[in-house]
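Residue-level structure breakdown
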Amino acid sequence: MKIDLGSRSTTEIVVLTFTFVIAIVLLVLVGGSVLMRLIYPGSEVRNAVEAATGILGPIVGGLVGFISGRVYEQKKNGGESK
């Protein structure tokens with residue numbers, strides 16, 4: 001699979017980067033939580049859930065804010081993309 005970042009816009013690259021970060025964080029936290037429950041069956045995973053929420057909330061908020069800012073800018077400029 002070729003990503004070809006040279007032909008993509010800055011917006012697409014930022015969205016891809018945020019999506020990659022979210023996916024990696026979720027994989028690490030969920031994988032670590034499952035592994036911890038397998039090794040220590042009586043363990044509590046509440047801290048991992050709180051960490052995921054604390055990390056992913058601002059990242060998703062930043063992604064949504066970035067995209068909405070770009071859409072607002074395009075509407076303000078009459079649909080022209082920079």
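Heads up: the structure comes first, above all this text.
Rules used in this analysis
Residues numbered from 1 in each chain as written. Predicted model: local features only at pLDDT ≥ 70, side-chain atom pairs only at ≥ 80, totals over all residues. Heavy atoms only, no water. Salt bridge = Lys/Arg side-chain N within 4 Å of Asp/Glu carboxyl O. Buried < 20%, exposed > 50% of the residue type's maximum accessible area, 1.4 Å probe, protein only. Axes fitted to C-alpha atoms, helices over the stretch in contact; angles between N-to-C directions. Helix = DSSP H or I, 4+ residues; strand = E, 2+ residues; numbered from the N terminus. Parallel < 35°, antiparallel > 145°, perpendicular 65-115°, else oblique. Contact = heavy atoms within 4.5 Å. Nonpolar A, V, L, I, M, F, W, Y, C, P; charged D, E, K, R; others polar. Expected span 1.5 Å × (residues − 1).

1. Concerning the pattern of salt bridges
- Counted under the stated rule, the structure contains one salt bridge.
- Arginine 46 is paired through a salt bridge with glutamate 44; the nearest N and O atoms lie 3.9 Å apart. Here arginine 46 and glutamate 44 have matching classes, each one exposed.

2. Some words on the packing of helix α1 (residues 10-39) against helix α2 (residues 46-76)
- Remark: α1 packs on α2, axes separated minimally by 10 Å, with the N-to-C direction vectors making an angle of 170°. Classified by the angle their axes make, α1 and α2 are roughly antiparallel. Every residue of α2 that contacts α1 at Thr11, Val14, Val15, Phe18, Val21, Ile22, Val25, Leu26, Leu29 and Ser33 is listed here: Ala48, Ala51, Ala52, Ile55, Leu56, Ile59, Val60, Gly62, Leu63, Phe66, Ile67 and Arg70.
- When its residues are assigned to classes, the contact of α1 with α2 shows 18 nonpolar, three polar and one charged.

3. Notes on the environment of valine 14
- Residue position: valine 14 is located in helix α1.
- It is 29 Å that separates the C-alpha atoms of valine 14 and asparagine 47, two residues lying 33 residues apart in sequence.

4. Overview of α2
- Between its first and last C-alpha, α2 extends 44 Å over 31 residues, near the 45 Å set by a 1.5 Å rise per residue.
- Three or more residues of α2 are buried, namely Ala52, Leu56, Ile59 and Leu63.
- Against the buried residues of α2 lie α1.
- Directly beyond the C-terminal end of α2, a positive phi value near 75° is found at glycine 78.

5. Re α1
- Between its first and last C-alpha atoms α1 spans 43 Å; for 30 residues at 1.5 Å apiece the expected length is 44 Å, and the two agree.
- Along its buried surface, α1 packs onto α2.

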